[in-house]
Amino acid sequence: MLIVGGGMVGATIACALGGTELSVGVIELRMPEPFDHDQAHDMRVSAISLASENILRNVGAWSGLQNKRLCPYRRLKTWEVDAERAATEFNSADIGEDHLGHIVENRVIQLGLLEQLQQCDNVDLICPADIATIDYAAGASIITLADGQQLFGRLLIGADGAQSKVRSQVGIGVHSWDYEQHALVASVATELPQQDITWQQFTPTGPLAFLPLSGHQGSLVWYNTPAEARKLLAMSDDAFLAAVDSQFPDCLGGITGLLGRAAFPLRRQHAQEYVKEGVALVGDAAHTIHPLAGQG
Ligand SMILES: Cc1cc2nc3c(=O)[nH]c(=O)nc-3n(C[C@H](O)[C@H](O)[C@H](O)COP(=O)(O)OP(=O)(O)OC[C@H]3O[C@@H](n4cnc5c(N)ncnc54)[C@H](O)[C@@H]3O)c2cc1C
């Protein structure tokens, strides 16, 4: 079996197949940079729900995240502009759990999974590797890598993200449309100490979200029109922080520094088929959706 893409979804599947009788090859473009506790938080972080944590535990990768860096959240609150009239707060205590989830850097999730994957005798990580061609045949596909190496797979898993080469090469189309919204992500240093809440305020131009990180740090997500997001990205750090101060709710508290910012265009995309004989699409290769609301 060949899994194309060793991101958080492809690597999770590979770990889950560890110890089975299947012979699994994972083809990944590039290794993530090794983790060091002194590094600043990456811009790309994800809310990982308790259910997803359990999947990562079950495949043996969770300890590899824990020994790096993550931040638990116990409460999740969402409200509209008028918080008095439309607010909901979930609390892990209400369901007898210690937490609802964690905020984890995407790279930390991937590293934890790739470390676990290396413990699996029946799984080979082929990385760095780029694909030259995919000769798809039901039950007998051949992938030729850029260096000429050929790999044979009875089953092909496309875990290669939203721009999936597997999907296009096996002839699966997509339905898609643009949300006409960008997610502007900013890593910030906060006056408030480490928070146990992740929140999201819905506004007419899109949600404003806070994801707690360890220590006096957090990740802000400002969903906005592409034009506004571009304007916010082009501002000086001081002007950007002043804009955050004027638009984000008071519960954010003071921001003592801007550590980085970047914007991601958002697109809803759905593959016309998830499975076809001898091939399956998973993760973003199968579908992408607006990341609001800490779906985890
Ligand atoms: C702003 C933003 C915020 C988000 N927040 C959250 C959140 O809080 N919680 C959450 O659960 N999700 C969140 N998501 C969604 C989440 O990031 C994705 O659903 C997830 O990363 C999909 O993982 P994946 O492994 O399918 O794809 P990817 O993460 O895209 O990984 C694909 C992998 O395939 C590799 N690859 C690509 N092409 C090739 C090739 N030709 N050959 C070999 N390898 C290849 C890539 O290098 C990569 O490692 C967010 C998304 C965005 C845009």
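### Details of the overall build of the protein
Looking only at helices and strands, one finds seven helices and 20 strands in the protein. Taken against the 2.2 N^0.38 rule, which gives 19 Å for 296 residues, the C-alpha radius of gyration of the protein at 20 Å falls within 12% of a compact globule. Principal-axis analysis of the C-alpha atoms gives the protein an extent of 60 × 40 × 35 Å. Counting all 296 residues of the protein, 47% fall into the buried class. Within the protein, residue pairs in contact and separated by at least 24 positions form 72% of the contacts whose partners lie at least 6 positions apart. For the protein, the exposed surface amounts to about 14300 Å²; the carbon and sulfur share of it is 50%.

### A word on the site of the ligand
In the neighbourhood of the ligand, 25 residues make up the surrounding shell, with Val-9, Glu-28, Leu-29, Ala-47 and Asp-284 lying closest. Take Arg-44: an N or O atom from its side chain is 3.4 Å from an oxygen atom of the ligand. Here an oxygen atom of the ligand and a side-chain polar atom of Asp-284 are 2.8 Å apart. For the ligand, whose free accessible area comes to 1000 Å², the fraction covered by protein is 78%. Going through the elements one at a time, α1 (8-16) and β3 (45-49) are the ones with two or more residues in the shell around the ligand.

### A few points about the domain arrangement of the protein
Domain annotation of the protein identifies domain 1 (2-74 + 100-175 + 268-293) and domain 2 (179-267). Its C-alpha centre places domain 1 at a distance of 28 Å from the equivalent point of domain 2. The interface is formed by 21 residues belonging to domain 1 together with 25 residues belonging to domain 2. A per-residue breakdown of the area domain 1 buries against domain 2 is headed by His-41, Met-43 and His-290, which together make up 35% of the total. Applying the counting criterion to the domain 1 and domain 2 interface returns zero salt bridges.

### Remarks on the side chain of Arg-167
Its location among the elements puts Arg-167 in helix α5 (residues 165-169). For Arg-167, which is buried and forms no salt bridge, the nearest opposite charge comes from Asp-160, at a distance of 6.9 Å. A polar atom in the side chain of Arg-167 sits 2.9 Å from the backbone oxygen of Ala-285. When neighbours within four sequence positions are excluded, Arg-167 is seen to be in contact with Gly-161, Ala-162, Ile-172, Val-174, Gln-269, Ala-271, Leu-281, Asp-284 and Ala-285.

### Focus on the packing of aromatic side chains
The full count for this structure, using the stated rule, is five aromatic pairs. Ring plane angle 50 degrees and centroid distance 5.6 Å describe the contact between Trp-79 and Trp-199, whose orientation is recorded as tilted. Here Trp-79 is found in strand β5 (residues 75-80), whereas its partner Trp-199 is found in strand β14 (residues 197-202), with 120 residues between them in sequence. Using a relative accessible area of 4% as the deciding quantity, one classes Trp-199 as buried. Each ring, one from Trp-199 and one from Phe-210, has its centre 5.6 Å from the other, and the planes form 25 degrees; the classification is stacked. Taken together, the positions of Trp-199 in strand β14 and Phe-210 in strand β15 (residues 208-213) put the pair 11 residues apart, joining distant regions of the chain. The pair Trp-199 / Phe-210 is uniform in exposure class, with both members buried. Each member of the aromatic cluster is reached from another via a ring pair, and the members are Trp-79, Trp-199, Phe-210, Trp-222, Phe-240 and Phe-248.

Parameters at a glance
Residues numbered from 1 in each chain as written. Predicted model: local features only at pLDDT ≥ 70, side-chain atom pairs only at ≥ 80, totals over all residues. Heavy atoms only, no water. Helix = DSSP H or I, 4+ residues; strand = E, 2+ residues; numbered from the N terminus. Rg over C-alpha atoms; globule rule 2.2 N^0.38 Å. Buried < 20%, exposed > 50% of the residue type's maximum accessible area, 1.4 Å probe, protein only. Contact = heavy atoms within 4.5 Å. Areas by Shrake-Rupley, 256 points an atom, 1.4 Å probe, with all protein chains shown as cover. Near = heavy atom within 4 Å. Polar contact = N/O pair within 3.5 Å; in protein donor to acceptor, adjacent residues only side chain to side chain. Domains from an automatic or database assignment. Buried area = accessible area lost by both parts, 1.4 Å probe. Salt bridge = Lys/Arg side-chain N within 4 Å of Asp/Glu carboxyl O. Lys, Arg positive; Asp, Glu negative; His and termini not counted. Phe/Tyr/Trp six-rings, centres within 6.5 Å; stacked < 30°, edge-to-face > 60°.

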